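Letter by letter, the chains look like this.
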There are 2 protein chains.
Amino acid sequence: MKIVVLGGCAAGPKAAAKAKRMIPDADVEMYTREDVISYSACGLPYFIEGYFDEIEKLIIRTPEDFEEKGIKVRLNSACEAIMPAGKTVVINGEPITFDKLIIAIGARVNLPHIEKINLDGVFKLRSLKDGVDIKEQMKKSKRAVIVGAGYIGIEILEALVKNGIETVVIDETPYVLPIFDDEISELIKNHILENSSELVSFINSDIVTKFEGDKHIKKVITREGLEIDTDMCILSTGVKPNVEIARAAGIAIGETGAIKVNKRMQTNFPDIYACGDCAEKYSFIDQTPVWFALGSIANKEARTAAINACGGDDTFEGVQGSAVTKYFGFTMSMTGYTEREARIRGYDVECATVTKYDKAGYMPDAKNITIKLVVNAKNREIIGAQGIGCGDVDKRINAVVSAIQESMTVDDFLSVDLTYAPPFSTPIDPLVNAGYIIVGKLNKRGNHLN
Amino acid sequence: MKIVVLGGCAAGPKAAAKAKRMIPDADVEMYTREDVISYSACGLPYFIEGYFDEIEKLIIRTPEDFEEKGIKVRLNSACEAIMPAGKTVVINGEPITFDKLIIAIGARVNLPHIEKINLDGVFKLRSLKDGVDIKEQMKKSKRAVIVGAGYIGIEILEALVKNGIETVVIDETPYVLPIFDDEISELIKNHILENSSELVSFINSDIVTKFEGDKHIKKVITREGLEIDTDMCILSTGVKPNVEIARAAGIAIGETGAIKVNKRMQTNFPDIYACGDCAEKYSFIDQTPVWFALGSIANKEARTAAINACGGDDTFEGVQGSAVTKYFGFTMSMTGYTEREARIRGYDVECATVTKYDKAGYMPDAKNITIKLVVNAKNREIIGAQGIGCGDVDKRINAVVSAIQESMTVDDFLSVDLTYAPPFSTPIDPLVNAGYIIVGKLNKRGNHLN
């Protein structure tokens, strides 16, 4: 039995380790185009910020760790072609056969069309080297531009602000963290500006068309004619799945653009699996194909792919796009569909947004949090939640995560027996408050569930 | 329409306010034996500790607030008798008729049999006055004894330690917070001793039989012959529901000793409802009668009772005994059945306890948390969770709360799409880690769910 794993960041190492544990006799081989494996790319903004200074801390396991377990690891070994019929991949020009193949080749930064994008001082953030390079440049810089106000953009913003860098964030949408609903994004933007106005400014509804500079970037030029002097620029413009070699091999690509898999993480070729950022996922809410690039999902999918590649039977049921980030003490978290996304998908929704204390009001450290719940008005099931604020937000969203996975109605959610004590919450949690409002609205509509 | 509410702490005011909102024309009258209404008894330990110094902060609404809404409030007005047939209650010797009655008369401290229990310096903690008295006595004291190491006992312990009081905690069980499983209680005890050994000592498996002193307490004597000098003693020996007037009226009492209600919070007399600490509840796990005295439950039950008393139709589905408390930065939280409780109830269970970082290990403030999951081995449903540690614990337990309410299997829980970012969690949350271990154990047993 020979199991070949392509990719060495998150899903690859997880799949390889699990496969070797399941069949200790199997030949397990892991190939990566990078010169390092098993690292936490999600931790890069915190390395840049200075939470820690040793980039090595982001490396979870070394090639030696894997070799010790009997797993062959090859660095700088990008896969050039997959031949499903011959059960062979080509790596560094050499054909390598497999019994089972697990594709975990991840995603890459979605680079925008910007003139002179290759100037020095222009970065993306994906690899460990990117992180080291940005941190070095930051130490010599006074001003920076971030292109893209998504999760990574906000995390880099915190890192730069913490280091005293005057930063301009440019996003093509009118919003900061545009994945949230508009009014929530507006609150996020206001919070950041109120707390960092001396260092941060946002440019929205505009795109970068051109960089200027000889060797090193000096200016960012936008479509609307803005010219921004800068010492560096970070492109946090989202990622896209690496699917080219899969597509060329006849492996089916899903409607989201990622590799199509069933819930066993199997591609259209039964002996070829895909997992992690390169693979498509199913929505827990309506079983439609969705795609997110998240380390937490990658790990779980890799486990399922490995179990099945080894002859077991496991399914990975779905995702909700649960995510969290922070701007210093301010947390932004979501799961499921936003109101906007739900409406685009044709749902009739009822929503409620509440701003309440995160704990008993008499506790001196009580802070306001804002919670938005999104409910499918037709069957009264909760389909989304967003939470922001300086209080305890993300773990509250996790109470909704389980509820959504189990198709809980907002009516049942009113009974949810959340933990309560004055230093932790209010007798009626803000989540349940939002639920009460939605139930009231739905009952007014007259479509009370019987 | 005349709605009479008995009780003025948590459930009573909530029920009265909701009833008046539902039927603005109704006569709503609230009677309480106390001289204050609508206060947060749960906040008393934090008042004593010094989080705030104004006891009034614990008062949520005053009688005037209610009178303004058109709700009649009578203080110092204990109900002496209920006559269901005549739809009348007797209060201060006066008969008062009702169309609908909502009983929300709470619980009281379960006083142990201790000689000279009425000495000065011996306290229970239930009313605002108790809180003020304890705080005053604490300021004059150097040593204290707490009888009972439950939630309230631990909260008072924090308050006393924060104020430099040398404190002995005595519990009849071998454990601290004995409601948790033994090994978790052991970890809690160790944590408290490691962090406060100069001020705290525990005496377990012993009970207090006698107090000594002339007017004021001077000594606590235990069954095992220990004599402890002290300046004060707090009895945190649990509570029991106030049911005497209900029982005398022929209102059915459930097997837990609390007033029996259906899910509409209705007693055996259709026009008489009960809610809050005096009422029995149903377990979400197996629909058996259970009883907990918790403000979060009281509020939700009161809402349901009021809706139904006003002719609406609402049910309160159940509880899980979810709870949380803290000892300074150390959080202790649980929901559902412990392993011990589950085994007593006849469940075949499989459990896993994991100790893991609460966030990415490279974040400098990562801290260990310990999570225990309890699963019904027969149908693989999660039936309990406990979490302790200095990290973010209670809101993690809340992700399990929703799962238990929806009878989620541990297999499905492995897919749960919890939020992830390095400052908040690990790619595979400790909760899911515990789930993996249990699934492994169950599969080894061979009762894999098909």
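Above this text you will find the structure in question.
Our subject in this report is the structure included herewith. Predicted model, so just to flag it, every value in this text is computed and none were measured.

Glancing now at the side chain of Lys395 of chain B. Checked against the element boundaries, Lys395 of chain B lands in helix H10 (residues 394–405). Contacts of Lys395 of chain B, omitting those with residues within four sequence positions, involve Asp392, Lys395, Arg396 and Phe424 of chain A.

This brings us to helix H8 (residues 295–309) of chain B. Residues and elements named next belong to chain B. Here H8 is 15 residues long and its end C-alpha atoms lie 21 Å apart, about the 21 Å a rise of 1.5 Å per residue gives. Judged by how many residues are buried, H8 sits mostly within the fold: 15 of 15 residues are covered. Where H8 terminates, the next one or two residues include Gly311, which has phi positive at roughly 95°.

Moving on: the sheet that holds strand S11 (residues 166–171) of chain A. Residues and elements named next belong to chain A. With respect to topology, five strands assemble into an open sheet ordered S9-S16-S10-S11-S12, the strand pairing being parallel. Unpaired on one side and paired on the other, strand S9 (122–124) and strand S12 (200–204) mark the two borders of the sheet. Strand-to-strand twist of the sheet, defined as the mean angle between neighbouring strand axes without regard to direction, takes the value 20°. In this sheet, strand S16 (residues 232–235) lies alongside S9 in parallel orientation, the contact comprising three bridges. By the bridge assignment, Val122 is partnered in S16 with Cys233. Sheet strands in contact with helix H5 (residues 151–162) are strand S10 (143–147), S11, S12 and S16, and its direction is about 170° off that of S10.

Here we come to the sheet that holds strand S4 (residues 79–83) of chain A. All names here are of chain A. Taken together, the three strands give an open sheet; going across it, the order is S4-S5-S6, and neighbouring strands pair in antiparallel fashion. Of all the strands in the sheet, the pair left with one neighbour each is S4 and strand S6 (94–97). Going from strand to strand, the sheet's axes swing by 25° on average, the running direction of each strand aside. When S4 meets strand S5 (residues 88–91), the two strands line up antiparallel, connected through four bridges. Directly across from Ala81, in S5, lies its bridge partner Val90.

The rules behind the values
- Every residue gets a number counted from 1 within its own chain, in the order that chain's sequence is written.
- Naming scheme: in the order in which they are written, chains are lettered from A and ligands are numbered from 1.
- Side-chain atom pairs in this predicted model are given and counted only at pLDDT of 80 or more, local residue features only at pLDDT of at least 70, and totals for whole chains, interfaces and linings cover all residues.
- Excluded from the side-chain calculations are hydrogens and water; all other atoms, namely the structure's heavy atoms, are used.
- Each helix is a run of H or I in the DSSP string that is no shorter than four residues. Each strand is a run of E no shorter than two, and both are numbered from the N terminus.
- Contacts are assigned to residue pairs with any non-hydrogen atoms lying within 4.5 Å of each other.
- How far a helix is expected to stretch is found by multiplying one less than its residue total by 1.5 Å.
- Relative accessible area decides the class of each residue, using a 1.4 Å probe on protein chains only: under 20% of the type maximum gives buried, over 50% gives exposed, and in between gives partly exposed.
- Strands are labelled as partners when DSSP assigns at least two bridges between them.
- Lines fitted to C-alpha atoms define the axes here, with helix axes fitted over just the stretch in contact, and angles between the N-to-C directions of these axes take values from 0 to 180 degrees.

These values are about where atoms sit, not about what they do.
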